[in-house]
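Summary of structural features
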Amino acid sequence: QVPLVESGGGLVQAGGSLRLSCAAFGFTFSDYGMGWFRQAPEKEREFVAAISWNGGATYFADSVKGRFTISRDNAKNTVYLQMNNLQPEDTAVYYCAAAGRGGIATMRYSNYYQYWGQGTQVTVSS
């Protein structure tokens, strides 16, 4: 009944890696572009990465370019966020979200998403 469920968060040392997963339920996953957002304490929710419905286009926030990779497996109804060279500034609750349609650049705006997960905590120690 929950449309999106994130997993894979945890505690990692600076320079380490984590892979987040988000499984979709109750809707046709391949009809939706998918995005990742994060929210750190005392900060607004911010865009991290997005991927088009078929994986043909991706978009990343400047803060994570070159370190994070977004991918999806439509056969498994799952989107992933591979996070490398993690830094303490990456500490946040990470959320996945589903957007029905639109250009890849519009997916950096959270109001374009229809479904949201509950989030998974990522903590990076120095």
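Residues numbered from 1 in each chain as written. Predicted model: local features only at pLDDT ≥ 70, side-chain atom pairs only at ≥ 80, totals over all residues. Heavy atoms only, no water.

Our next topic: the overall build of the chain. Scanning the chain from N- to C-terminus turns up zero helices and eleven strands. When its helices and strands are written in sequence order, the chain yields β-β-β-β-β-β-β-β-β-β-β. The C-alpha atoms of the chain give 13 Å as radius of gyration, which agrees with the globular expectation for 126 residues (14 Å, within 12%). For the chain, the C-alpha atoms occupy an extent of roughly 40 × 30 × 25 Å along the three principal directions. Evaluated residue by residue, the chain yields a buried proportion of 42% over its 126 residues. Across the chain, contacts joining residues at least 24 apart in sequence account for 59% of those joining residues at least 6 apart. (Helix = DSSP H or I, 4+ residues; strand = E, 2+ residues; numbered from the N terminus. Rg over C-alpha atoms; globule rule 2.2 N^0.38 Å. Buried < 20%, exposed > 50% of the residue type's maximum accessible area, 1.4 Å probe, protein only. Contact = heavy atoms within 4.5 Å.)

Counting buried residues along strand E9 (residues 92–99), seven of its eight residues qualify, which places the element largely inside the surrounding structure. Bridging between strand E4 (residues 33–39) and E9 involves seven bridges; their strand directions are antiparallel. In the strand pairing of E9, Trp36 is matched with Cys96. Where E9 meets strand E11 (residues 120–125), three bridges bridge the pair, whose relative direction is antiparallel. Counterpart to Tyr94 in the pairing with E11 is Thr120. (Pairing = 2+ DSSP bridges.)

All told, the structure shown has nine aromatic pairs when counted by the stated rule. A ring pair is formed by Phe27 and Tyr115, whose centres lie 4.6 Å apart and whose planes are at 25 degrees; its orientation type is stacked. Separated by 88 residues along the polypeptide, Phe27 in the loop between strand E3 (18–24) and E4 and Tyr115 in strand E10 (residues 115–116) bring together distant segments of the chain. The exposure class of Phe27 is buried, given its relative accessible area of 12%. Through pairs of rings, three or more aromatic residues link up here, namely Phe37, Phe47, Tyr59, Tyr113 and Trp116. Residue placement shows Arg19 over the ring face of Tyr80; its charged tip is 4.0 Å from the ring centre. Looking at Arg45, its charged tip hangs above the ring of Tyr95, at a distance of 4.0 Å from the centre. (Phe/Tyr/Trp six-rings, centres within 6.5 Å; stacked < 30°, edge-to-face > 60°. Lys NZ or Arg CZ within 6 Å of the ring centre and 35° of its normal.)

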